[in-house]
Amino acid sequence: MQSLCGYRRIERLTMKISEMQSRIAKLKSEKDICILAHSYQAREIMEVADFTGDSFQLSVAASEVPHKTVIMCGVRFMAETVKLLSPDKTVFLANPTAGCPMAEQMDKELIAAVKKQFPNHTVVAYVNTTTELKTVCDVCVTSSSAVSIVDKIPNNDILFIPDCNLGSYVQNQLPHKNIKLLQGGCPIHAVVNVADVKNAKSAYPNALLLVHPECIPAVVGLADFVGSTSAIMDFALKSDASEFIIGTEMSIVENLQYICADSSPDKRFYCLSQKLLCPNMKVTTLKDVLDCAEGNGGEEITLSESTMSKARRCIDEMLRLG
Ligand code: 13P
Ligand code: SF4
């Protein structure tokens, strides 16, 4: 009896997901809404999105979509980037509490002080920064574009903020650049260590190790492939190998397993460490997306004209060089 009740409850919840998804789909066409979902979002959110991908792909998609309203399912800096690229659109962050701790690690005052020490350096900001911080930077990069953009900057003296791990990765790829780093980084990726790699490799000796460049250099150095969330997914989907240890947020393991279910059912994906769970990326629910589309939730992103025009310069520079 108890299991039947449990079964009925699950059935109701399942119905609720598909019901919510249909309501969202209807609201999207009625209200001309585009939904963007970062690859770390839950599957039921990805299913209602017009675009899914890494932060670079989403920012490009946002600049090209014709819709009047955009709902970002990701974290705040991603919604702010969409607003910067599309100031005439109404942009919502589906869950206002979804922030990225790395984006809040440095402020304008700190960067102004560091710039005084290194006045001739070009300031490169990872896109995981606040709009305020972008106003004092020269060019933005994402994890997928950092190496190629820094390579194209004519100045070899670079101040890279805030992620010292991504900055170290760029430095290793571009030894001719002189890159100054500050001590910032992703509190999720940066805690994975060499012992985690050893444990995962001994559990799955035939698996390839794919990691995000936000991991520490010692972990990146052991990887078979380093790339953004989408680059990791592309690599795993195209590879002839059949087992992969995934060194980025654990939702990518689930997403890859789901995508491969029909096309490559023998492929297996394992999480490098159970520490790779970003609570901020998990805070958005399908209900938040529905509430936001209905006009009863989310937060509209508003930025002052002057902040937008100053911050936009480094986003434009990213698109020009990227
Ligand atoms: P991507 O640029 O790979 O999407 O990374 C965003 C992010 O928040 C990684 O932690
Ligand atoms: Fe920020 Fe790290 Fe979470 Fe990405 S995984 S949103 S960088 S805290």
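Residues numbered from 1 in each chain as written. Chains lettered and ligands numbered in written order. Predicted model: local features only at pLDDT ≥ 70, side-chain atom pairs only at ≥ 80, totals over all residues. Heavy atoms only, no water.

Just to check I follow, could you spell out helix H4 (residues 76–85) for this structure?
One turn of the α-helix equals 3.6 residues, which is why residues spaced by three or four share an orientation. Taken across its 10 residues, H4 has 9 buried, putting it largely inside the fold. Of the residues making up H4, those classed as buried are Phe77, Met78, Ala79, Glu80, Thr81, Val82, Lys83, Leu84 and Leu85. (Buried < 20%, exposed > 50% of the residue type's maximum accessible area, 1.4 Å probe, protein only. Helix = DSSP H or I, 4+ residues; strand = E, 2+ residues; numbered from the N terminus.)

Where do I start with unusual backbone geometry in this structure?
In terms of backbone geometry, most residues other than glycine have negative phi values and most peptide bonds are trans. Geometrically, the link from Ile161 to Pro162 is a cis peptide bond, its omega value of -10° lying close to zero. The topology assignment puts Pro162 in the loop between strand S7 (157–161) and helix H8 (164–173). In this model, Asp32 sits at a positive phi of 55°, which is unusual for a non-glycine residue. With respect to the helices and strands, the residue Asp32 is situated in the loop between helix H1 (2–31) and strand S1 (33–38).

Explain the site of ligand 2 to me, please; I cannot follow it from the model alone.
All residues in the neighbourhood of ligand 2 are listed as Tyr40, Cys100, Pro101, Met102, Asn128, Cys186, Pro187, His189, Glu214, Cys278 and Met281. Of the residues in the shell around ligand 2, the class split is 8 nonpolar, 2 polar and 1 charged. (Near = heavy atom within 4 Å. Nonpolar A, V, L, I, M, F, W, Y, C, P; charged D, E, K, R; others polar.)

Sorry, what's going on with the site of ligand 1 here?
All residues in the neighbourhood of ligand 1 are listed as His38, Tyr40, Asp54, Ser55, Tyr126, Asn128, Ser143, His189, His212, Glu214, Ser228 and Thr229. The contact in question runs from an oxygen atom of ligand 1 to an N or O atom on the side chain of Asn128, over 3.4 Å. In isolation ligand 1 has 300 Å² of accessible area, and contact with the protein removes 95% of it. When the residues that make up the shell around ligand 1 are grouped by side-chain class, the tally is 2 nonpolar, 8 polar and 2 charged. (Polar contact = N/O pair within 3.5 Å; in protein donor to acceptor, adjacent residues only side chain to side chain. Areas by Shrake-Rupley, 256 points an atom, 1.4 Å probe, with all protein chains shown as cover.)

What's the story with the side chain of Asn280 in this structure? I'm lost.
For Asn280, the position within the fold is in helix H13 (residues 279–282). Polar side-chain contacts of Asn280 include one of 3.4 Å to the backbone nitrogen of Gly99. Beyond its immediate sequence surroundings of up to four residues, Asn280 is in contact with Val75, Thr97, Ala98, Gly99 and Pro101. (Contact = heavy atoms within 4.5 Å.)

In this structure, what is going on with the pattern of salt bridges? I would like to understand it.
Once their charged atoms are close, side chains differing in charge can pair, the charge on each being opposite to the other. Evaluation of the coordinates by the stated rule reveals 10 salt bridges. Close ionic contact of Asp50 with Lys28 constitutes a salt bridge, the shortest N to O distance being 3.2 Å. Linking Asp50 in the loop between helix H2 (43–46) and strand S2 (51–53) with Lys28 in helix H1, this pair joins segments that are 22 residues apart in sequence. Given the relative accessible area of 16%, Lys28 is considered buried. (Salt bridge = Lys/Arg side-chain N within 4 Å of Asp/Glu carboxyl O.)

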